[in-house]
There are 2 protein chains.
Amino acid sequence: MSLSKAKIKLIRSLDQKKYRKEHQLFVAEGPKLVDELIGYFNCKLLVATQDWIQEHSNYHTEELILATQDELSKASALKTPQQVIALFEQPQYEIDNKAMQHSLCLALDGVQDPGNLGTIIRLADWFGIEHIYCSQDTVDIYNTKTIQATMGGLARVKIHYTSLTEIIKQNPNIPIYGTFLDGENIYDKQLEQKGLIIMGNEGKGISDELQELVSHKLYIPNYPMNKESAESLNVAIATAIVCSEFRRQASI
Amino acid sequence: MSLSKAKIKLIRSLDQKKYRKEHQLFVAEGPKLVDELIGYFNCKLLVATQDWIQEHSNYHTEELILATQDELSKASALKTPQQVIALFEQPQYEIDNKAMQHSLCLALDGVQDPGNLGTIIRLADWFGIEHIYCSQDTVDIYNTKTIQATMGGLARVKIHYTSLTEIIKQNPNIPIYGTFLDGENIYDKQLEQKGLIIMGNEGKGISDELQELVSHKLYIPNYPMNKESAESLNVAIATAIVCSEFRRQASI
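Reading the values: rules and limits
- Going along each chain's sequence as written, the residues are numbered from 1 onward.
- To label them, take the chains in the order written and letter them from A, then take the ligands in the order written and number them from 1.
- Local features in a predicted model are, by the rule used here, given only for residues with pLDDT of at least 70; side-chain atom pairs are given and counted only at 80 or more, and totals for whole chains, interfaces and linings are based on all residues.
- Side-chain numbers come from the whole structure's heavy atoms, not from hydrogens or water.
- The criterion for strand pairing is that DSSP finds at least two bridges linking the strands in question.
- Helical segments are the DSSP runs of H or I of at least four residues, strand segments are the runs of E of at least two, and each set is numbered from the N terminus.
- Here the axes come from fitting lines to C-alpha atoms, over the contacting stretch only for helices, and the angles between their N-to-C directions go from 0 to 180 degrees.
- Contacts are assigned to residue pairs that have any heavy atoms within 4.5 Å of one another.
- UniProt positions are given in the numbering used here, feature names are shortened, and annotations may be inferred rather than shown by experiment.
- Source of the domain bounds: an automatic or database domain assignment.
- Note: buried area is the sum, over both parts, of the accessible area (probe 1.4 Å) each one loses when the two are combined.
- When a carboxyl oxygen of Asp or Glu lies within 4 Å of a side-chain nitrogen of Lys or Arg, that pair is called a salt bridge.
- Any pair of N or O atoms that falls within 3.5 Å is considered a polar contact. Within protein, one atom must be able to donate a hydrogen and the other to accept it, and sequence-neighbouring residues count only if both atoms are side-chain atoms.
- Amino acid classes used here: Ala, Val, Leu, Ile, Met, Phe, Trp, Tyr, Cys and Pro are nonpolar; Asp, Glu, Lys and Arg are charged; the rest, including Gly, are polar.
- To form a nonpolar core, buried Ala, Val, Leu, Ile, Met, Phe, Trp, Tyr and Cys residues must be joined to one another through side-chain atoms within 4.5 Å.
- Only protein chains enter the area calculation, which uses a 1.4 Å probe; residues under 20% of their type maximum are buried, those over 50% are exposed, and those in between are partly exposed.

Re the sheet that holds strand S6 (residues 131–134) of chain A
Residue and element names in this part refer to chain A.
Here comes step 1: Strand order in the open sheet formed by 6 strands is S7-S6-S5-S9-S8-S10, with parallel pairing between adjacent strands. With one partner strand each, in any of the chains shown, strand S7 (158–161) and strand S10 (216–219) form the two edges of the open sheet. Here the strands of the sheet are splayed against their neighbours by 35 degrees on average, with no regard to which way each runs.
Here comes step 2: Bridge count between S6 and S7: 4 bridges; the pairing is parallel. Each residue of the ladder has a partner; that of His-131, found in S7, is Lys-158.
Here comes step 3: Against the sheet, helix H10 (residues 235–250) makes contact with strand S5 (104–109), strand S8 (176–185), strand S9 (195–200) and S10, and its axis sits at roughly 160 degrees relative to S9, the strand it touches most.

Thoughts on the UniProt feature "domain: MRM3-like substrate binding" (unreviewed entry) in chain A
Here comes step 1: Mapped onto the present numbering, the UniProt feature "domain: MRM3-like substrate binding" (unreviewed entry) falls at residues 6–86 of chain A.
Here comes step 2: The distance separating the terminal C-alpha atoms of residues 6–86 of chain A is 16 Å; by composition the span is 43% helix and 21% strand.

Some remarks on the domain arrangement of chain A
Residue and element names in this part refer to chain A.
Here comes step 1: Taken domain by domain, chain A holds domain 1 (5–89) and domain 2 (99–250).
Here comes step 2: On a C-alpha basis, the centroid separation for the pair domain 1 and domain 2 is 31 Å.
Here comes step 3: Counting from both sides, the interface comprises 16 residues of domain 1 and, opposite them, 12 residues of domain 2.
Here comes step 4: Both faces considered, domain 1 and domain 2 share a buried interface measuring about 1200 Å² in area, 60% of it formed by carbon and sulfur atoms.
Here comes step 5: Looking at the side of domain 1 facing domain 2, the largest losses of area belong to Arg-20, Phe-26 and Leu-33, adding up to 34% of the total buried there.
Here comes step 6: The interface formed by domain 1 and domain 2 holds 2 salt bridges in total.
Here comes step 7: The partner of Asp-140 in a salt bridge is Arg-20, and the shortest N-O contact between them spans 2.9 Å.
Here comes step 8: In this assembly, domain 1 and domain 2 are joined by 3 residue pairs in polar contact (both at pLDDT 80 or more).
Here comes step 9: Those elements that place two or more of their residues in the side of domain 1 that touches domain 2 are helix H2 (17–23), strand S1 (25–29) and helix H3 (31–37).
Here comes step 10: Of the residues in the side of domain 1 that touches domain 2, the class split is 10 nonpolar, no polar and 6 charged.

Remarks on the nonpolar core
Nonpolar side chains tend to gather and get buried jointly when the protein is soluble and globular.
Here comes step 1: Judged by nonpolar contacts, the single largest core of 111 residues is most densely connected at Leu37(A), Ile132(A), Leu37(B), Phe88(B) and Ile132(B).
Here comes step 2: Excluding its chain neighbours within four sequence positions, the residues that come into contact with Ile132(A) are Leu106(A), Leu108(A), Ile120(A), Ile121(A), Ala124(A), Val157(A), Lys158(A), Ile159(A) and His160(A).

Shown next as structure tokens:
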């Protein structure tokens, strides 16, 4: 069976959040990413070249379509499509609202860039952070650029869109961390291996409402310290440095 | 004077490396970035809306064109163009090949993603790293996406395209750091505040030739340690964690 125009149209429509929501599907491309995800999510459709099919024998999909590289290009959102495009069902799970009581969790307050969100999921995976709570105005996790940037982290990190204020109020007396220009030097501060780290929007940082709920204000020092010039770090970069420092302290 | 078709064509042509090289120019967009760069680089052309011009009085440009938002959109590489587009001259400078003897420097071995390069320049600025040496196959610094991601870091960080092998050989007995899966735990390793940190290509890491020149192999531990699942970190993320750890050790 070859790749029909209707299927190409379906795949391309999933570039838009509206259709991802309607179909409850998301797209992953390329052998590496698809290999990572195929054991974790229900695969509705695989469009793959002969090469990919020959190299893979043990996978489950509801539908498999053999495609030429040319057909794959028509369905792909990437500049250089590679071997395979998969449509996965969006997982439905109840998120553990109390996870921050015994483990370190992340909250994203209005992160807008799909690549930043994907990169944060990938690094959360690296640093063993299982739960990410996103404010409702955070970019959609199933955005194709986000999925590609996660590098499979999506298989192990659980993402929940919710009211961050609500979730913090459900967990009284738990450390709530955030980064601020007037925070305490993170390298000098004793950090717990549980609680919630809030990271803010690319331009505006953490919203006023949430700032009031932060119990520990942290600062990533620049170098040489207190210079005025370099004004900020990208949100994914700041998240990485904060998570690395938490985990470093766990090891000493 | 309004924005001519020829000027729009010139600006748009600078999306391509070939034309950037031919004209020795690069493009920066948006009030924040242009404000950061305008004191540092020679400005050949500003295309700006009335709003921007009213708010700015003290700047130097060889040519200023008042444009409507509509005209600006035609010249812009961004989805949501903002107030001003600037063409700057590419700076010509001799890079200090010996800087690693007294300060911490970065080397990028074939980094391909323009966003990654821009993000690395921005974080180098934060961590006071003044010199970045790029292998010839590293993505062009003057790529518009790179420039936008630097957030002005370009004004303070000097980038030099060169043979990394050569530059290392010119600096014998200087610590050369790189990250490897079989490296030493970076948190436990005493790090010097001078030398060169090599970061590799997104897919292939550090090339074989350069690997042999690394004197200190570092590893960013995942958490919990030695788990098999999460397989890698984005190169800009890894660079950030490494630089943060170097600078943390400088403060203790």
